[in-house]
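Per-entry structural report
Take a look at the letters that make up each chain.
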Amino acid sequence: MAEELTPETGDESEEPIKQRKNGLYPGVSDELAENMKSGWADTELHGLERIPQAEYTAARRAALSARFPGERLVIPAGNLKTRSNDTEYPFRASVEYAYLTGNLTEDGVLVLEPKGDGHKATIYLLPRSDRENGEFWLSGHGELWVGRRHSLAEAEQLYGIPAADVRELPDKLREAAGPVRVVRSYDAGIEAALTDKVTAERDEELRVFLSEARLVKDAFEAGELQKAVDSTVRGFEDVVRVLDKAEATSERYIEGTFFLRARVEGNDIGYGSICAAGAHACTLHWVRNDGPVRSGDLLLLDAGVETHTLYTADVTRTLPINGTYSEIQRKIYDAVYEAQEAGIAAVKPGAKYRDFHDAAQRVLAGKLVEWGLVEGPVERVLELGLQRRWTLHGTGHMLGLDVHDCAAARTETYVDGTLEPGMCLTVEPGLYFQADDLTVPEQYRGIGVRIEDDILVTEDGNKNLSAGLPRRSDEVEAWMASLKG
């Protein structure tokens with residue numbers, strides 16, 4: 001009897017499969033180990049079709065190759081992260097790796113090796129679980145525990161990239177000659193193998209390029225974003241239908257309702273859902289979602305479904321829980337709606353990225369002056385940023401594989417850049433009157449309103465991907481009534 005099962009060869013250099021310290025079985029008999037090696041059907045899959053985005057990932061790799069000729073490029077997917085003891089967080093591949101391969105499994109690494117005038121791409125993956133050494137049933141990451149992995153041959157068919165065993169990669173990288181760049185912070189083992197071959201400055205250039213490459217979405221990405229938004233619209237409808245149950249429980253009921261839609265139709269939620277009722281709407285990233293849901297209050301719901309390819313929606317609606325806005329709620333809501341209309345109208349090819357933000361902020365600053373909350377004129381308010389006490393955040397951001405996509409892009413190509421067809425961004429102005437803000441009339445306090453839509457820049461203007469959700473206050477009320485009815 002042995003505490004740990006080693007390969008049949010008895011090669012002690014291979015790490016043994018660890019048994020759980022307090023497991024009920026103290027070891028594995030030689031007879032059982034031998035029995036588990038045989039009697040299994042051949043499950044290799046043949047004739048697999050390539051993933052739908054394969055032609056797009058190939059084009060993305062070609063652009064990367066052209067940017068860094070003669071250099072070895074290493075893009076890891078990342079590893080599982082421990083949540084507690086021996087449980088892990090759900091794995092999500094790095095956006096750089098997913099963007100270039102379409103593969104979403106842990107421990108994968110894409111390597112582009114210089115060859116001729118370009119590069120040869122290889123995707124390094126974990127192969128099928130080993131049945132000879134018992135890994136498939138004894139390891140906590142074996143196939144009988146976590147499910148079947150694709151074989152390397154299957155992966156080549158799916159992704160259109162030659163595949164190799166990732167366990168051999170660190171040694172290859174240690175022996176590599178010539179310039180190398182790696183996307184950092186995802187795989188410590190891969191970085192350790194390259195520690196004397198890379199520099200932070202050169203690696204940052206690679207990360208920045210891959211971030212900027214995602215600024216303009218291709219046709220596949222635009223389609224995935226629309227899928228994400230369409231599922232999100234259905235998730236918002238689900239929530240409206242169960243607001244009575246949320247009133248009987250808490251914001252958690254709203255969170256759980258939307259999460260169900262995200263998991264049924266997509267991979268997950270794209271970010272922590274903000275299910276902010278009442279004064280919680282004034283907390284920009286309220287994700288505790290443990291507060292009461294009361295008739296007469298507003299619900300600020302900021303949520304997005306993430307597709308199976310990891311593209312996420314990001315939509316916000318501020319809804320009257322009882323189905324009807326009060327006079328003061330409608331006043332504030334309509335002001336935000338007017339600001340959003342101005343912001344969306346400014347989204348078009350050739351416009352400055354900042355234009356939609358400036359347009360929305362100008363409207364909100366004007367409303368604050370009109371209501372006597374801040375001294376005008378509007379130009380003074382904007383110059384000094386006085387409106388920010390109540391508007392707080394920027395009016396939008398790029399959207400894609402990350403909810404705040406392309407974050408590593410240079411300022412001159414993002415915030416100071418120019419809009420192009422294929423860019424996708426949110427337009428999300430808001431007004432937030434904190435419950436303890438003594439500078440505003442009492443009736444304003446505790447009201448927070450944000451309206452957010454996902455806008456795709458087109459050749460002749462823009463397309464509101466989330467137009468399936470009403471925005472105007474009277475249309476919101478009619479929509480809620482139809483769903484509850």
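Residue numbers restart at each chain and count upward from 1, following the sequence in its written direction. Since the coordinates come from a predicted model, pLDDT governs what is reported: local features require at least 70, and pairs of side-chain atoms require 80 or more to be given and counted, while whole-chain, interface and lining totals use all residues. Side-chain measures here rest on the full set of heavy atoms in the structure, leaving out hydrogens and waters.

Focus: the packing of helix α13 (residues 327–345) against helix α14 (residues 355–370)
For any two helices packed against each other, one specifies the crossing angle of their axes together with the interaxial distance. Which entries qualify depends on this criterion: All axes here are fitted lines through C-alpha atoms, helices being fitted over the stretch that makes contact, and every angle between N-to-C directions spans 0 to 180 degrees. The numbering of helices and of strands both runs from the N terminus, where a helix is a DSSP run of H or I of at least 4 residues and a strand a run of E of at least 2. We call two directions roughly parallel when the angle between them is under 35 degrees, roughly antiparallel when it is over 145, roughly perpendicular when it lies between 65 and 115, and oblique otherwise. What makes a crossing left-handed is the near helix being turned counterclockwise from the far one by less than a right angle; a clockwise turn instead makes it right-handed. The contact criterion used is simple: two residues touch if any of their non-hydrogen atoms lie within 4.5 Å.
Contact geometry for α13 and α14: axes closest at 7 Å, N-to-C directions at 155°. With respect to α14, the element α13 is oriented roughly antiparallel. Taken as a pair, α13 and α14 cross one another with a handedness that is right-handed. Judged by residue contacts, Ala 335, Val 336, Glu 338, Ala 339, Ala 342 and Gly 343 of α13 engage Phe 356, Ala 359, Ala 360, Val 363, Leu 364 and Lys 367 from α14.

So, the sheet that holds strand β13 (residues 424–427)
Strands pair in a sheet through their backbones, by hydrogen bonds, and they do so in one of two ways: parallel or antiparallel. Convention followed: Should DSSP find at least two bridges between two strands, the strands are taken to pair.
Read from one edge of the open sheet, 3 strands run β13-β16-β17, paired in antiparallel fashion. Of all the strands in the sheet, just β13 and β17 (461–464) have a single pairing partner and so form its edges. Each strand of the sheet is rotated relative to its neighbour by a mean of 40°, with strand direction disregarded.

Things to note about the packing of aromatic side chains
Just so we agree on the cut-off: Between rings of Phe, Tyr and Trp, where Trp is taken as its six-membered ring, a pair exists when centres lie within 6.5 Å; planes separated by under 30 degrees are stacked, by over 60 edge-to-face, and by other angles tilted. For every residue, the accessible area (1.4 Å probe, protein chains only) is compared with the maximum for its type, and the residue is labelled buried under 20%, exposed over 50%, or partly exposed between those bounds. Two limits define a charge over a ring: the Lys NZ or Arg CZ must be within 6 Å of the ring centre, and within 35 degrees of the ring normal.
Under the definition given, this model contains 9 aromatic pairs. Centre to centre, the rings of Tyr 325 and Tyr 333 are 4.9 Å apart; their planes meet at 35°, and the pair counts as tilted. Across the pair, Tyr 333 and Tyr 325 agree in class, each one buried. Through a chain of ring-to-ring contacts, three or more aromatic side chains come together here, namely Tyr 353, Phe 356 and Tyr 414. Its guanidinium or amino end placed over the ring of Trp 40, Arg 131 lies 4.9 Å from that ring's centre, counting from NZ or CZ.

Concerning the nonpolar core
Rules: Here the nonpolar core consists of buried residues drawn from Ala, Val, Leu, Ile, Met, Phe, Trp, Tyr and Cys, with membership extended through side-chain atoms lying within 4.5 Å.
Within the largest apolar cluster, 91 residues are counted, with the highest numbers of intra-cluster contacts made by Leu 64, Ile 75, Ile 254, Ile 332, Trp 371, Leu 431 and Phe 433. Excluding residues that lie within four positions of it along the chain, Ile 75 makes contacts with Leu 64, Glu 96, Tyr 97, Leu 100, Val 109, Leu 110, Val 183 and Leu 210. Listed in part, the 17 residues of the second largest apolar core include Val 347, Met 398, Cys 406 and Val 427.

Some words on the UniProt feature "domain: Aminopeptidase P N-terminal" (unreviewed entry) in the protein chain
Basically, it comes down to this: UniProt positions are given in the numbering used here, feature names are shortened, and annotations may be inferred rather than shown by experiment.
Taking the numbering used here, the UniProt-annotated feature "domain: Aminopeptidase P N-terminal" (unreviewed entry) corresponds to residues 51–191. From the first C-alpha to the last, residues 51–191 spans 29 Å; its make-up is 34% helix and 22% strand.

Notes on the side chain of Thr 101
Using the following cut-off: Counting of polar contacts relies on pairs of N or O atoms within 3.5 Å, with two restrictions inside protein: one atom must be capable of donating a hydrogen and the other of accepting it, and residues adjacent in sequence are counted only when both atoms are side-chain atoms.
Within the secondary structure layout, Thr 101 lies in helix α3 (residues 95–101). At 2.8 Å, the side chain of Thr 101 forms a polar contact with the backbone oxygen of Tyr 97. Within polar-contact distance, the side chain of Thr 101 engages the backbone nitrogen of Asn 103 at 3.0 Å. Leaving out residues up to four positions away in the same chain, Thr 101 has contacts with Ile 51, Thr 57, Arg 61, Leu 110, Ile 123, Tyr 159 and Ile 161.

Here we look at empty space enclosed by the protein
Selection criterion: Here the term cavity refers to a set of points on a 1 Å grid, laid over the protein atoms alone, in which a 1.4 Å probe fits but cannot get out; the term pocket refers to an open set having protein on both sides within 12 Å along at least five of seven lines, with lining residues being those that place an atom within 4 Å of a point. Grid points are joined across faces, edges and corners, and a volume is the space filled by probe spheres set on the points. Charged residues are taken to be Asp, Glu, Lys and Arg, nonpolar residues to be Ala, Val, Leu, Ile, Met, Phe, Trp, Tyr, Cys and Pro, and polar residues to be all remaining types, Gly included.
Per the counting criterion, the structure on display carries 2 cavities of 30 Å³ or more. Taken as a whole, the largest cavity holds about 50 Å³ of empty space. The wall of the largest cavity is formed by Gln 53, Arg 60, Ala 98, Tyr 99, Gly 102, Leu 104, Phe 220, Thr 309, Tyr 311 and Leu 401. In terms of residue class, the lining of the largest cavity is made up of 6 nonpolar, 3 polar and 1 charged.

Description of the environment of Thr 195
As for its placement among the helices and strands, Thr 195 is situated in the loop between α8 (188–193) and α9 (200–213). Linking Thr 195 and Gly 422, residues 227 residues apart in sequence, is a C-alpha distance of 37 Å.

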